[in-house]
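Tertiary structure, described
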Amino acid sequence: MNEPLLNVEGLSVRFPETRAVRDVSFTLDRGECLAVVGESGSGKSVTARSLVGLAGDRAEVTARRLEFAGLDLASLDEKAWRRVRGGRIGLVLQDALVSLDPLRTAGAEIAEALRTHTKVPRDQVGERVRELLVRAGVPEPEVRAGQYPHQLSGGLRQRALIASAIAAGPELVIADEPTTALDVTVQAQILALIEELKKDGTAVLLISHDLAVVSRLADRIAVMYGGTVVEHGPARQVLDDPRHPYTRALIAAVPEPSGRGSLLSLPAHEGKEPDPDGCPYAARCVLADDRCRTSLPALAPREAGTRCWHPVSGPITRERRPQAEASPVRDGDTPLLEVREVSKSYRGRPAVSGVSLSLLPGESLGIVGESGSGKTTLARIVLGLVSPDEGSVSFAGVPWSALPERRRRPLRHRVQAIVQDPLGSFDPRHPVSRVLDEALALTGHERGPRRRARAAELLALVGLSPAVLPRSPSSLSGGQRQRIAIARALASEPELLVCDEPVSALDVSVQAQILDLLTGLRARLGLALLFISHDLGVVHHVSDRVAVMKDGRVVETGEVTALFQSPSHPYTKELFASLPALHRVS
Amino acid sequence: MTTPTLPEARWKAWRPARPALLAAWTVIALIVLAAAFPGLFTGRDPLELEPAVAMRGPSPEHWFGTDQLGRDLFTRVVYGTRPSLLVGLGALTLALAAGALYGLAAALLGRFADVALMRLLDVLLALPQLLVALLALTVLGSGQVNLMIAIALSLLPAYARLVRAEALVVRRSGYLESAVLLGQHPLVQAFRHVLPNALGPLLVLGTVGFGMAVIAASGLSFLGFGAEPPSPEWGVMLSEGRDYLQTAWWLGVFPGAAITLTVVAVSVAGRSAQARFTRRTTL
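Owing to the predicted nature of the structure, the values given are computational and were not obtained by experimental measurement.

Criteria and thresholds
- Residues numbered from 1 in each chain as written.
- Chains lettered and ligands numbered in written order.
- Predicted model: local features only at pLDDT ≥ 70, side-chain atom pairs only at ≥ 80, totals over all residues.
- Helix = DSSP H or I, 4+ residues; strand = E, 2+ residues; numbered from the N terminus.
- Rg over C-alpha atoms; globule rule 2.2 N^0.38 Å.
- Buried ≥ 20, exposed ≤ 12 C-beta atoms within 10 Å, placed from the backbone.
- Contact = placed C-beta atoms within 7 Å.
- UniProt positions renumbered as here; feature names shortened; annotations may be inferred.
- Nonpolar A, V, L, I, M, F, W, Y, C, P; charged D, E, K, R; others polar.
- Axes fitted to C-alpha atoms, helices over the stretch in contact; angles between N-to-C directions.
- Left-handed = near helix turned anticlockwise from the far one by under 90°.
- Pairing = 2+ DSSP bridges.

**As for the overall build of chain A**
In terms of helices and strands, chain A carries 21 helices and 22 strands. Computed over its C-alpha atoms, the radius of gyration of chain A comes to 26 Å, within 12% of the 25 Å expected for a compact globule of 586 residues. Taken along its principal axes, the extent of the C-alpha atoms in chain A is 70 × 65 × 45 Å. Evaluated residue by residue, chain A yields a buried proportion of 49% over its 586 residues. At a minimum sequence separation of 6, the contacts of chain A that also span at least 24 residues come to 68%.

**Thoughts on the UniProt feature "domain: ABC transmembrane type-1" (unreviewed entry) in chain B**
Mapped onto this numbering, the UniProt entry gives "domain: ABC transmembrane type-1" (unreviewed entry) at residues 81-270 of chain B. Taken end to end, residues 81-270 of chain B comprises 83% helix and 0% strand; its first and last C-alpha atoms sit 20 Å apart.

**Points about the interface of chain B and chain A**
Between chain B and chain A, the contact holds 13 residues from the first and 19 residues from the second. Residue assignment for the side of chain B that touches chain A shows that the elements contributing at least two residues are helix H7 (174-181) and helix H8 (186-222) of chain B. A per-element tally of the side of chain B that touches chain A places H7(B) first, with six residues. Here the residues of the side of chain B that touches chain A sort into five nonpolar, seven polar and one charged.

**What to know about the packing of helix H3 (residues 73-108) of chain B against H8(B)**
Geometry of a packed helix pair, given as the angle between the helix axes and the separation of the axes. Residues and elements named next belong to chain B. Across the interface, H3 lies against H8 with an axial gap of 8 Å and an inter-helix angle of 145°. Between H3 and H8 the crossing geometry is right-handed. Only Ala190, Val194, Leu195, Leu199, Leu202, Gly206, Gly209, Phe210, Ala213, Val214, Ala217 and Ser218 of H8 make contact with H3, whose side of the interface consists of Ser84, Leu85, Val87, Gly88, Ala91, Leu92, Leu96, Ala100, Leu104 and Leu108. Considered class by class, the residues forming the contact of H3 with H8 number 17 nonpolar, five polar and no charged.

**Regarding the sheet that holds strand E20 (residues 528-533) of chain A**
All names here are of chain A. What the six strands build is an open sheet, ordered E18-E19-E20-E15-E21-E22; its pairing is mixed. One side of each edge strand has no neighbouring strand; the edge strands of this open sheet are strand E18 (415-418) and strand E22 (553-559). Strand-to-strand twist in this sheet, taken as the mean axis angle between neighbours without regard to direction, amounts to 15°. Note: strand E21 (residues 545-550) against E22, six bridges, orientation antiparallel. Its bridge partner lying in E22, methionine 549 is registered against valine 554. Those strands touched by helix H17 (residues 478-491) are E18 and strand E19 (496-500), and its axis lies near 175° from that of E18.

As structure tokens, this is what we get:
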């Protein structure tokens, strides 16, 4: 039997207060890509870091086997590690701005990797740096090599980082969320680059929370939950025929065209907490019994398998979501929001130019575009936080952007916002009760039991228990915070909710819950949504119509399904083509 | 994991992190007590003259000695706590309150107001603090209340700048935006969100500024702008003792030590509060 390049058996990582990784085993061959998928806190990054001896000082790493190309990684000292790291194993991290030294040029960064790990003659280093940048798909390599990280765009930085990771010709590249902070078109280019590496015989360990990204690159997938691999197998098998209840929930949570009109999340289930040796998913699993809570089946490292006592099979079914009683969108209605030829520049640079949109009461309009396309500026104009240089916004048939703030203030409650970072939108000194209380006070609810009752009602509406009232938002999870933000926005009974990247900072399963909540509320309350996201899948899931923005302009608008099926503008086509999809066989 | 319940562990949890901190708080407690109930520390009257025992050095009878008029120096130092600290405390409170409002106004009233208010502050900042206070006293005339105002004026620029900087951060925050979107009145925003969130660092700076206020108060009293002579104020006592420093060292040393000890104790306590505060906010 051929020895695999990387052989990990029974890897466990303990921190003083938690057990981050628990009995994880996998192998990786040359030219193969193994993707480790899981939500934040699942232990996927710690697993990757312990493979390069960077789990941290407080981490206690143990393994039955930890071999890389016949080398026992567990026995390496710091000096030996330095030869392996960056030389034989390349590491690509998520945030290239943090990973690159701000005081050194991209070229210097790559040259250092060459000097440390290869015997390239001094006078040829420059040429090699150029070659590596070309290989990483960097245009104008001579110019870029002389630039500092802050002068490079996110995509270029990530490529420079990859170039330095592959400088020494590593046999294994570990990529931890390599595309998470990037726009879809840039993401597609980076993924293509990693695919090239794989073809050249480099083994790739890809860490990601994004199943769609993974489906495009991975030969095999390991799904992690609570520090352990719960399911493992060939990529297509794991994606098309998932057996573990967690994997199934994870795949169901990804918004995709066939899932429109369905719920993405499973009904909440809260079971008993499992024993330390039990299945970590037992508390959330409907199928869990006492055996699940006390023990965990073993998983063979080289074969496909599911670490579950009750594996499920068959196609994933999603629940239909409740529909609005009356279809709110009618052609003859007067628009709730009308944006006419709006432009806004900052220091002479146009952020939004000549955008016109209209939104009917109860309608949901999605706005997609890459970073810098003017989506957020447009949202701020609609919210009346920024006044346009040209053009106008009217709300419910009356001028909105043209009003002086004094006259707009009494109307503000009719338009509310949900932002990407809810924590920043709460006064850090106020507990949840005060956040809601303030919102209710401003919309004319009298102090006293009625206001408190309304606060409890709002919490129930967003699926939270009144127990969160005395807590500070900073002590809540990201999903709970976003629910509080939604509750606050609903306190004033708005007609329009402007959502700016409301789920971008959340895990897929939490994203699914928030999207279900928003779509459900929209149906119940007849809210109109202006939904801004860079994530096409998410926009497709919640919108009736979509507007595609590029460089401050709307390049295409249309009914969502029609637009996704046959985009007409070249940019829209490119955008949709670069979108990694799950491609499941249904 | 079991929580350690051993006696040593309990002692460790109780023991203050630094002995200096414990000493500082002890001194502060004594000072507060002396200011509130000077009678607790001495049975004498600070103004009682006893010419027979004038200019005696420290002895068991008169701990800190006596002055040129035979008044007991220890009693005068104890009774001097209240007037000496009152001016400093009053000046500090005034400076904090006025500085906070000034900074808030500069941050929130728009660009023109900001520029105008800040340039005015720059004028004050360009002069040494004591000079600003002296200037104000020359205009206002001497007296306890004017002394307070003058010192407050000299402290205010730093506080106003700090609050303005913090308020500008809050103004760009997501929670202020939420308040705007809910239609909250700007005045309510200013006092419910901006001021409370901008105030934390100011209060910490204030504890350190207390020392400066006390020194300034004593210094200006020394120069004859504050309390008038027979009153037992530390600066006045220093000023009176100056002429006899060659023959009666205790007349200068004990009031001076009282000032130094107060300022050091409050500064040590203030800095530890500052360290704790920054730790908490950076976490």
